[in-house]
Amino acid sequence: QEKKIFTVQGTYPVIRSLLRARGWVEKKLLSTAKVGSRPEQHHLLHSLWPPDEEEEEERLDEDPDGIHNLMSRLVWDQVPYFIWTNRCSAVNCRLLRQDQVVNHYARVGAFTTKEGLCLNLRSLPWFDQADPDTFFPRCYRLGAADERQAFIEDFRLTAARSLLKVALDRAGDNLVGTDQHPKSGEGQGESPVPHPMPSTVGPGPPVPPHLVEEALQVCRQHLSSLGHQDIDGDPLSPHMMGTDWDRFLQEYYRVVHEGARLALSGGQWEQCRALLQRLTMQLPQLGMEGDHNIWILKPGAKSRGRGIVCAARLEKVLQLVGGCVTPSARVGEWVVQKYVERPLLIFGTKFDIRQWFLVTDWNPLTIWFYRESYLRFCSLPFSLRHLD
């Protein structure tokens, strides 16, 4: 009469004990009833327990007097009003009554999987005047051909920007000479901008001198497309055309990851500085993306960090996803996301915040959350030298 009958699928002794302590009675899913001998009782459940899970459940479920088994038999013909399952697909939600509650919402993959989050963030501008690039590192589903190509283009553009950043940083540490001429518009007390004389920066063997010029040209074309100045031009990624990207990336890797020397003239130094300033106004993530071009690759629907890998080379990412580069790949199997190379650190270590919440209704949207949360700290200091 109080509708306090529940069913649990799987090994959840804590759930059972807490519900029983609140006066609930369990309607057990007996092995003889699982096959649907009584459809009116078991038509909601699609799947069966594995034998090993059932045996463990019986072992953990303390019922020395058999009272819970007896009570379960007394409600064998009653409908369970609370159903706890280990996965949503175990219940046919279309057959649920209005007064039945299940511990899963149907079709929640839209926000409980990385694939769903990636797709939803991409659709956000259609529903709200918000730019996901301002609060969420850009990401792509590598199983979708168009998004995979967009990632490859993003990786190349990020490499070009990163090369300009490295050129500025290294030139700042290896100034051969400067001209102390203030910029137009600089007032009293403002520091003049140094203009380095032509120099070669970096400890390793030099790379071709035209590499910086190529990066400058790519970034100029990208900036033009961001400002829609290329609207009458070729629609096929104009900032991608005319560049031998395989060669460019290999030379970029030599500079960033192997310390190769980089030839930089004074004019190029000023162009790098001015171009990066203009790109900063167009790209909200320019500051956090760093200069190593590191990306984090995640399985689209796994949890607890399983299968996550970081990579700083395009060929490595495509090699890791394997089947995603073939037409038969399942859409959304892998998600690749720009790694935050400049994270907030506490005592030199990364951390994340775990905040538990509960959604009890969609309409109106009702969310309950704990006022207390907890932080997880890494066990090693943060370093871009180790992508483990």
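The name an unreviewed UniProt entry assigns to the protein is TTLL3 monoglycylase, from the organism Ibidorhyncha struthersii. Quoted verbatim from the Subcellular location (unreviewed entry) field of UniProt, the annotation for the protein is "Cytoplasm, Cytoskeleton, Flagellum axoneme". Reading the Catalytic activity (unreviewed entry) entry of the UniProt record for the protein gives the comment "L-glutamyl-[protein] + glycine + ATP = glycyl-L-glutamyl-[protein] + ADP + phosphate + H(+)".

Chemist: Could you give an account of the sheet that holds strand S10 (residues 334–338), naming the residues involved and the relevant values?
Modeler: Here four strands make up an open sheet; going across it, the order is S5-S10-S8-S9 and the pairing antiparallel. Two strands close off the open sheet at either side, each with one partner strand: strand S5 (139–141) and strand S9 (309–311). Averaged over all neighbouring strand pairs, the angle between strand axes comes to 25 degrees, with direction disregarded. Judged from the five bridges that link them, strand S8 (residues 295–299) and S10 form a sheet pairing that is antiparallel. Bridge assignment links Ile-296 to a residue of S10, and that residue is Gln-337. Relative to the sheet, helix H6 (residues 114–123) contacts S5, S8 and S10, its axis offset from that of S5 by approximately 115 degrees.

Chemist: So what's going on with the packing of aromatic side chains? Which residues, and what values?
Modeler: Considering all chains together, one arrives at 10 aromatic pairs under this definition. An angle of 70 degrees between the planes, with centres 5.8 Å apart, marks the rings of Tyr-12 and Trp-84 as edge-to-face. A residue pair is termed long-range when its members are at least 10 positions apart, and Tyr-12 in the loop between strand S1 (5–8) and helix H1 (13–21) and Trp-84 in strand S3 (residues 82–84) qualify at 72 residues. Tyr-12 sits in the partly exposed class, given a relative accessible area of 26%. Look at Trp-84 and you get partly exposed, because its relative accessible area is 22%.

Chemist: An account of the side chain of Arg-138 is needed here, citing residue identities and associated values.
Modeler: As for its placement among the helices and strands, Arg-138 is situated in the loop between H6 and S5. Since its relative accessible area comes to 12%, Arg-138 is described here as buried. Here Gln-285 takes part through its side chain, which lies 3.0 Å from a polar atom of the side chain of Arg-138. Beyond its immediate stretch of four places on either side in the chain, Arg-138 contacts Asp-133, Asp-154, Thr-158, Arg-161, Gln-285, Glu-289, Trp-295, Val-336, Gln-337 and Lys-338.

Chemist: Any chance you could break down helix H9 (residues 245–258) for me, citing the residues and the numbers?
Modeler: The end-to-end C-alpha distance of H9 is 18 Å, a good match for the 20 Å that 14 residues give at a rise of 1.5 Å each. Buried within H9 we find Trp-245, Phe-248, Leu-249, Glu-251, Tyr-252, Tyr-253, Val-255 and Val-256.

Chemist: Tell me what's going on with the nonpolar core, and back it up with residues and numbers.
Modeler: Formed by 47 residues in total, the largest nonpolar core has its most connected members in Phe-151 and Phe-248. Broken down by secondary-structure element, the contributors of at least two residues to this core are helix H7 (145–173), helix H8 (210–226), H9, strand S7 (262–264), helix H10 (266–282), S8, helix H11 (314–321) and S10. Looking at this core element by element, the count peaks at 12 residues for H7. By size, the runner-up hydrophobic cluster in this structure holds five residues, among which are Ile-294, Ile-296, Ala-312 and Tyr-339.

Chemist: Kindly report on the pairing of strand S12 (residues 357–362), identifying the contributing residues and their values.
Modeler: Of the pairings in the sheet, the one linking S12 to strand S13 (residues 365–369) comprises five bridges and is antiparallel in character. Across the sheet, the residue bridging to Leu-358 is Trp-368, located in S13. Between S12 and S13, which pair antiparallel in sequence order, lie two residues.

Chemist: Describe the sheet that holds strand S2 (residues 25–26), with residues and values.
Modeler: Hydrogen bonds between backbone atoms are what pair the strands of a sheet, whose relative direction is either parallel or antiparallel. If you walk across this open sheet you meet the four strands as S2-S1-S3-S4, and the pairing is parallel. Both outer strands of the open sheet, S2 and strand S4 (101–102), are each paired with one neighbouring strand and no more. Pairing geometry for S1 and S3, over three bridges, is parallel. Opposite Phe-6, over in S3, you have Phe-82 as the bridge partner.

Chemist: Explain the side chain of Gln-100 to me, and be specific about the residues and the numbers.
Modeler: Among the secondary structure elements, Gln-100 is positioned in the loop between S3 and S4. The class of Gln-100 is buried, set by a relative accessible area of 9%. Among the polar contacts listed, one links the side chain of Gln-100 to the backbone oxygen of Pro-80, at a separation of 2.8 Å. Within the local environment of Gln-100, its side chain forms a polar contact with the backbone nitrogen of Arg-97, the two atoms lying 2.8 Å apart.

Chemist: Quick one: what's the story with the environment of Ile-353, residue by residue and with numbers?
Modeler: Within the secondary structure, Ile-353 sits in strand S11 (residues 351–354). Sequence spacing of Ile-353 and Ser-373 is 20 residues, and the spatial spacing of their C-alpha atoms is 7.0 Å. The residues contacting Ile-353, other than those within four sequence positions of it, are Ser-373, Tyr-374 and Leu-375.

Chemist: Before we move on, can you summarise the state of the cysteines with the specific residues and values?
Modeler: Inspection of the entire model under this criterion finds zero disulfides. The thiol of Cys-139 is unpaired, and the distance to the nearest cysteine sulfur, on Cys-118, comes to 3.3 Å. Overall, the relative accessible area of 9% leaves Cys-139 in the buried class.

Cut-offs and rules
Residues numbered from 1 in each chain as written. Predicted model: local features only at pLDDT ≥ 70, side-chain atom pairs only at ≥ 80, totals over all residues. Heavy atoms only, no water. UniProt positions renumbered as here; feature names shortened; annotations may be inferred. Pairing = 2+ DSSP bridges. Helix = DSSP H or I, 4+ residues; strand = E, 2+ residues; numbered from the N terminus. Axes fitted to C-alpha atoms, helices over the stretch in contact; angles between N-to-C directions. Contact = heavy atoms within 4.5 Å. Phe/Tyr/Trp six-rings, centres within 6.5 Å; stacked < 30°, edge-to-face > 60°. Buried < 20%, exposed > 50% of the residue type's maximum accessible area, 1.4 Å probe, protein only. Polar contact = N/O pair within 3.5 Å; in protein donor to acceptor, adjacent residues only side chain to side chain. Expected span 1.5 Å × (residues − 1). Core = buried A, V, L, I, M, F, W, Y, C linked by side-chain atoms within 4.5 Å. Disulfide = S-S within 2.5 Å.

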